[in-house]
Amino acid sequence: MRKYIFFFLLIPLFIYLLFSPGEAVRASAKGVDLWFHTVLPALLPFIILSGILVRSGILLPIFRKADKIFRIFPGLSGAGVYALLLGIFCGFPMGAKITAELLREGSVSFREAKLLLQVSNHVSPAFLLGYAASLLPDPGWAFPAAVLYYSAAAASFFLTRGFPAVHFATGKIRKKEASRSISPEELLDTSIMDGFLVILKLGGYIILFTVWSEMVRSMSGGFPVLAPVCAIFLEISSGTEILLSAPLPPVLRMTLLLAGLSFGGISTAAQTAGMIRGSGLRLSLYLKGKLLQAGLAAAFTLLFFAVV
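A. Examining the overall build of the protein more closely. When helices and strands are tallied, the protein shows 15 helices and 0 strands. In the protein, which comprises 308 residues, the share counted as buried stands at 48%. Looking at the protein alone, contacts between residues at least 24 apart form 78% of all its contacts between residues at least 6 apart. Accessible surface, the protein as shown: approximately 15,100 Å² in total, 72% of it carbon and sulfur.

This is how it looks when you write it as structure tokens:
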């Protein structure tokens with residue numbers, strides 16, 4: 001059934017490519033420019049570094065030594081905190097990627113991985129305070145936007161985790177299949193190749209969904225609100241620019257922006273599906289967590305503007 005829905009959604013895009021090739025090419029070029037000049041330099045070093053850290057096993061023992069502290073706050077194992085922090089600072093879809101890697105390595109339990117999948121995927125501070133903030137009509141909104149975004153992320157985490165905190169297992173859940181040591185040269189080479197594979201996949205998703213966003217905008221001439229809403233919930237990079245340039249009331253723009261960034265877009269959901277493939281984790285669980293965060297972000301934003 002999902003396969004038929006997927007192909008049904010692709011039909012309008014195929015028609016758009018056939019009958020509006022000029023617009024499609026410009027949208028595709030915009031996606032390439034966005035990927036090459038913004039996403040690649042911002043994410044690739046973190047992807048390579050996280051691959052080295054996970055494969056080398058250097059950082060995880062350090063986090064595990066603080067397990068007793070992490071059990072109290074934030075209520076995760078050391079490996080879980082590692083995935084959560086890198087997911088926050090590295091940006092989409094690193095949280096899901098690292099969670100799946102740790103689960104495959106046996107460093108987190110399946111139960112904890114399900115929680116991490118819902119709460120560890122975020123836009124990076126560099127994206128939020130750099131790219132998105134540069135497009136805001138008033139630069140003074142950047143700091144409140146960041147506070148509202150991360151407040152919603154924190155509230156979503158604690159609501160998903162529940163009270164009291166579950167004490168997740170901290171040791172190895174299963175024995176690694178391969179116990180041989182890996183040389184520094186092989187470690188670096190493998191991590192770089194894996195990093196480029198991941199970033200190329202992200203580029204494909206960004207280009208495709210940027211074209212999709214432009215298609216929606218060209219088809220929604222009589223509905224000025226539809227295009228920016230669809231754009232931010234399809235792909236956040238190009239969607240942020242489309243939304244913030246739309247003639248909408250400031251409160252509505254900020255609410256939609258923070259809700260869209262919290263959800264991450266369908267493009268990020270597709271990227272996440274690729275990252276967790278074969279791990280046993282389900283995309284529906286991820287979507288549930290991101291919809292909760294998006295709802296909280298919208299509510300916090302409306303409350304903020306009502307107070308100030």
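Now that the structure has been shown, the text picks up again.
B. Region of interest: the packing of helix α11 (residues 226-234) against helix α14 (residues 265-276). One way to put it is that α11 packs onto α14 with a least axis distance of 3 Å and a crossing angle of 20 degrees. Classified by the angle between their axes, α11 and α14 sit roughly parallel to one another. The residues of α14 that touch α11, namely those facing Ile232, Phe233 and Leu234, are Gly265, Ile266 and Ser267.

C. Local environment of the pattern of salt bridges. Per the counting criterion, the structure on display carries 4 salt bridges. In this structure, the salt-bridge partner of Lys30 is Glu214, at a minimum N-O distance of 3.5 Å. Taken together, the residues Lys30 in helix α2 (residues 21-56) and Glu214 in helix α10 (residues 184-219) connect sequence positions 184 residues apart. When the shortest N-O distance is used, the salt bridge between Asp194 and Lys97 registers 3.3 Å. Taken as a pair, Asp194 in helix α10 and Lys97 in helix α6 (residues 94-105) lie far apart in primary sequence, 97 residues in all. Among the charged side chains, a network of salt bridges with common partners joins Lys30, Glu214 and Glu241.

D. Molecular detail of the nonpolar core. Among the nonpolar cores identified, the biggest contains 70 residues, and Tyr82, Val123, Ile199, Leu257 and Leu261 are the most heavily contacted of them. Tallying contributions element by element places α2 first for this core, with 10 residues. In this structure, Val123 is in contact with Ile88, Gly91, Phe92, Leu128, Tyr149, Tyr150, Ile236 and Leu261, ignoring residues within four places of it in sequence. Counting residues in hydrophobic clusters, the runner-up holds 10 residues, among them Leu13, Ala24, Ala27 and Leu234.

E. Structural view of the environment of Met193. Within the secondary structure, Met193 is located in helix α10. The class of Met193 is exposed, set by a relative accessible area of 54%.

F. Looking closely at empty space enclosed by the protein. Summed over the entire model, instances satisfying the criterion amount to 1 cavity of 30 Å³ or more. In this model, the largest cavity occupies a volume close to 50 Å³. The wall of the largest cavity is formed by Leu128, Ala132, Ala133, Leu136, Ala142, Ala145, Leu257, Leu258 and Leu261.

G. Geometry of the confidence of the model for the protein. Of the residues in the protein, 89% have a pLDDT of 70 or more, and the chain-wide mean is 84. For residues 173-179, every residue scores under 50 in pLDDT, and the model assigns this stretch 8 contacts once sequence neighbours within four places are set aside.

What counts and what doesn't
Residues numbered from 1 in each chain as written. Predicted model: local features only at pLDDT ≥ 70, side-chain atom pairs only at ≥ 80, totals over all residues. Heavy atoms only, no water. Helix = DSSP H or I, 4+ residues; strand = E, 2+ residues; numbered from the N terminus. Buried < 20%, exposed > 50% of the residue type's maximum accessible area, 1.4 Å probe, protein only. Contact = heavy atoms within 4.5 Å. Areas by Shrake-Rupley, 256 points an atom, 1.4 Å probe, with all protein chains shown as cover. Axes fitted to C-alpha atoms, helices over the stretch in contact; angles between N-to-C directions. Parallel < 35°, antiparallel > 145°, perpendicular 65-115°, else oblique. Salt bridge = Lys/Arg side-chain N within 4 Å of Asp/Glu carboxyl O. Core = buried A, V, L, I, M, F, W, Y, C linked by side-chain atoms within 4.5 Å. 1 Å grid on protein atoms, 1.4 Å probe; cavity = no way out; pocket = protein on both sides within 12 Å on 5 of 7 lines; lining within 4 Å. Points joined across faces, edges and corners; volume = space filled by probe spheres on them. pLDDT = per-residue confidence, 0-100.

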